[in-house]
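Coordinate analysis (summary)
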Amino acid sequence: MSPDCVPTCLSFSTAVRRSAAITVVLLTIAALVPPPAGAHGISGRASLPVPAWLFAWAAAIVLVVSFVLLSTMWSRPRLQGIHERRLIRWPGALSVPAGAIGLALFALVIYAGYEGVSYYTANFDITFTYVIFWVGVPISSVVLGNWFSAFSPWRAFARGLRRLGARARVRWRPPLSYPAWLGRWPVVAGLLGFAWLELIYHNRDDPSVLASLALAYFALMLLGMALFGIEAWSEKGDAFGGYFSLLARLSSLDVRQGALWLRRPLSGATSLSEERGTVALVLVIIGITTFDGASNGVVWNTLQPHVQSFFSGLGLADPLPDELADSVGLLLAIAVVACLYRIGVLGMRTVSSRFGSAQLARTFAHTLVPIAFAYVLAHYFSLLVWQGQAIGYLASNPLGHGTDYFGTADWHVDYAFLGSTAIWYIQVLALLSGHVSGLALAHDRALAKYSSMQDAVRSQYWMLVVMVGFTSLGLWLLSAVNT
Amino acid sequence: MTGRLAISRRTFALALAAPPLLCLGAYGALPAIAQAAAYLLPALVLLVALAARRYPGEQALLSMAGRWRQRRPRARSAGRTFAGLSGRAASPRGGTLIASSLAGRAPPLAVAALA
């Protein structure tokens, strides 16, 4: 027993014995519980060669092996500096047509929302907003870089106004500088609001509601940009701009200073500034996806009616109790995710007294970015692959009035395009690669922060717990969907 | 003060967390939680070991890392030896010759200062 280990600490052999006992008990319980695969609505899950929970164990083994390889072969920081090279010149004039396309699509969303049919599968708005915009843009940003900033309708509109003003010799100067204390909190609030709309609000499938909210958001963005400046607000105040640019840090491509740059994979994430709200932002992204998965699973479906009946007992009219219960669920999911990260941070704090827990949480926040992406990709991949095809016929018939602008109005969603089993393997692969990337980022940061190799390795044991925990949680949520 | 219970923050947090957990069990979510435990077991086992302030395999990892670091420069120097044996690469010419001479022996500091 180590000298600093007071009698309250477990000895190693006791810990191992207790762990083994807990393992046996839990395995027995798990064996008694019917496997989730058989009850899934997605038939492919039943054809898995092993129970779904074994995938979590296999993933844990892969993570442990990655941890060993990183600890032994990666002995100096490789991602902390700038490792990039200029590929080609990028004409700034391209932002004008890109902005025009973004504005045209935004106008279509508004028009279709008010003039189109209200049935959600026949209106362009629902698929475009919840599938293409909310899922497709962040996933494509990881491949292509932060392309949304060029297409952002509110940014394009504000830049257009500024250009017009300059021609008329009217120069607008933002009266306020962006306050440091606000950090990324507006992005956090915006994402929570959108998640609430998509997952909880009862009228989420009403195109006219979506159009009204989009207009309100547009006005809010213009106000923010007028007060704090276009670029400052686009990066920190725009929920979608902030979210997409965060995930785009994982991309190897970056457009800035009039050029296209190629950078070392993952090195973009290390330059994530430790502003206020950064930790909350990544935790909220993971928490939102966690709730989306859990809301289809057995735990929340068992608990939700009880929480709902509590709110009904307060005399609230429908659908408020249901919405409030789900809001509690959303907050709980974020709390679970935050607790998991907190365990890792508190563990790392025991390794060295040099860093406080808040500082550690900020320093390692960027390691959660690939996990956030992995959760988004794994959770929404099937939605993007299947429901995303609907945009083909909706482009020709956006209002649902029977038009056929591009000759694609008779297209259908091909569900046989990719089988459920293939999707499951892609989800597992996405979760694994995201967490291995997170582990690599954390290891690299630990080497840069800790003075001794021993402290760096010890701190990474704790991050390994976090990564294995998030991977297992993600796989459990995916397997529990539709149970 | 005597006669009063001293409640630590940890105990207080546990006391706060206990009722919801009990409610979870009471409402029949226990089978699902057991199912979740099957998924989370590897993380839980590792967590238990770390909570006991044990880092399984730490010494082996550190020694392997040390050996790996020692091996890498040797491998590089071996590569150079092979390059040195391969004819043309052994004899520097032109700019490389000047550079290698300068790198081998810099001018004396006093002379450099006078210049």
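Placed above this text is the structure.
A brief look at the structure comes next. (Residues numbered from 1 in each chain as written. Chains lettered and ligands numbered in written order. Predicted model: local features only at pLDDT ≥ 70, side-chain atom pairs only at ≥ 80, totals over all residues.)

Description of the overall build of chain B
Assigned secondary structure in chain B consists of 5 helices and 0 strands. Counting helices and strands in the order they occur from the N terminus, chain B gives α-α-α-α-α. When burial is assessed residue by residue, chain B has 17% of its 115 residues classed as buried. (Helix = DSSP H or I, 4+ residues; strand = E, 2+ residues; numbered from the N terminus. Buried ≥ 20, exposed ≤ 12 C-beta atoms within 10 Å, placed from the backbone.)

Let's talk about the overall build of chain A
Summing up its helical and strand segments, chain A has 19 helices and 3 strands in all. Scored against the burial criterion, the 483 residues of chain A give a buried share of 40%. In chain A, of all internal contacts separated by at least 6 residues, the share reaching a separation of at least 24 is 80%. (Contact = placed C-beta atoms within 7 Å.)

Notes on the packing of helix H12 (residues 278-294) of chain A against helix H14 (residues 320-351) of chain A
All names here are of chain A. Contact pair H12 / H14: the axes reach a minimum separation of 8 Å and the direction vectors enclose 125°. One way to sum up the angle between H12 and H14 is to call them oblique. Considering how the two elements wind past one another, H12 and H14 form a crossing that is right-handed. From H12, Leu283, Val284, Ile286, Gly287, Thr290, Phe291 and Ala294 reach across to H14, where they touch Gly329, Leu330, Ala333, Ile334, Val336, Val337, Ala338 and Tyr341. (Axes fitted to C-alpha atoms, helices over the stretch in contact; angles between N-to-C directions. Parallel < 35°, antiparallel > 145°, perpendicular 65-115°, else oblique. Left-handed = near helix turned anticlockwise from the far one by under 90°.)

Concerning the pairing of strand S3 (residues 259-263) of chain A
Residue and element names in this part refer to chain A. Here 5 bridges tie strand S1 (residues 84-89) to S3, and the two strands are oriented antiparallel to one another. Within S3, the residue paired with Arg89 across the bridge is Ala259. Both strand S2 (residues 253-256) and S3 contribute to a ladder of 4 bridges, which runs antiparallel. Its bridge partner lying in S3, Arg256 is registered against Ala259. Between S2 and S3, which pair antiparallel one after the other, the connecting turn spans 2 residues, and Gln257 there sits at a positive phi close to 50°. (Pairing = 2+ DSSP bridges.)

Let's talk about the packing of helix H7 (residues 185-199) of chain A against helix H10 (residues 239-248) of chain A
All names here are of chain A. Remark: H7 packs on H10, axes separated minimally by 8 Å, with the N-to-C direction vectors making an angle of 100°. Here H7 is positioned roughly perpendicular relative to H10, judged by the angle of their axes. In contact with Pro186, Val187, Gly190, Leu191 and Phe194 of H7, H10 contributes Ala239, Gly242 and Tyr243. In terms of residue class, the contact of H7 with H10 is built from 6 nonpolar, 2 polar and no charged. (Nonpolar A, V, L, I, M, F, W, Y, C, P; charged D, E, K, R; others polar.)

Regarding the environment of Phe67(A)
In this structure, Phe67(A) sits in helix H2 (residues 52-73). Residues within four places of Phe67(A) in sequence aside, it is in contact with Leu439(A), Gln460(A) and Leu464(A).

As for the environment of Ser312(A)
Residues and elements named next belong to chain A. Topologically, Ser312 is positioned in helix H13 (residues 298-313). Assessed through the 17 C-beta atoms surrounding it within 10 Å, Ser312 is described here as partly exposed. Sequence separation between Ser312 and Val62 is 250 residues, and the spatial gap between their C-alpha atoms is 47 Å.

As for the nonpolar core
Counting residues in hydrophobic clusters, the biggest one holds 111 residues, and the most contacted among them are Leu191(A), Val282(A), Ala372(A), Leu439(A), Leu464(A) and Leu475(A). At 17 residues, helix H19 (residues 453-480) of chain A tops the list of elements feeding residues into this core. Apart from residues lying up to four places away in sequence, Leu475(A) is in contact with Ala52(A), Phe55(A), Ala56(A), Ala59(A), Val428(A), Leu431(A) and Tyr39(B). Ranked by size, the runner-up nonpolar core spans 10 residues in total, among them Phe124(A), Tyr393(A), Leu394(A) and Leu399(A). (Core = buried A, V, L, I, M, F, W, Y, C linked by C-beta atoms within 7 Å.)

Overview of the sheet that holds S3(A)
All names here are of chain A. One open sheet accounts for 3 strands, arranged S1-S3-S2; its pairing is antiparallel. Of all the strands in the sheet, just S1 and S2 have a single pairing partner and so form its edges. Neighbour-to-neighbour, the strand axes of this sheet turn through a mean angle of 30°, independent of strand direction.

What about H19(A)?
An α-helix turns once every 3.6 residues. As a result, residues three or four positions apart point the same way. Compared with the 40 Å implied by 1.5 Å per residue over 28 residues, the 40 Å span of H19(A) between its first and last C-alpha is a close match. Within H19(A), 25 of the 28 residues are buried, which leaves the element mostly enclosed by the surrounding structure. (Expected span 1.5 Å × (residues − 1).)

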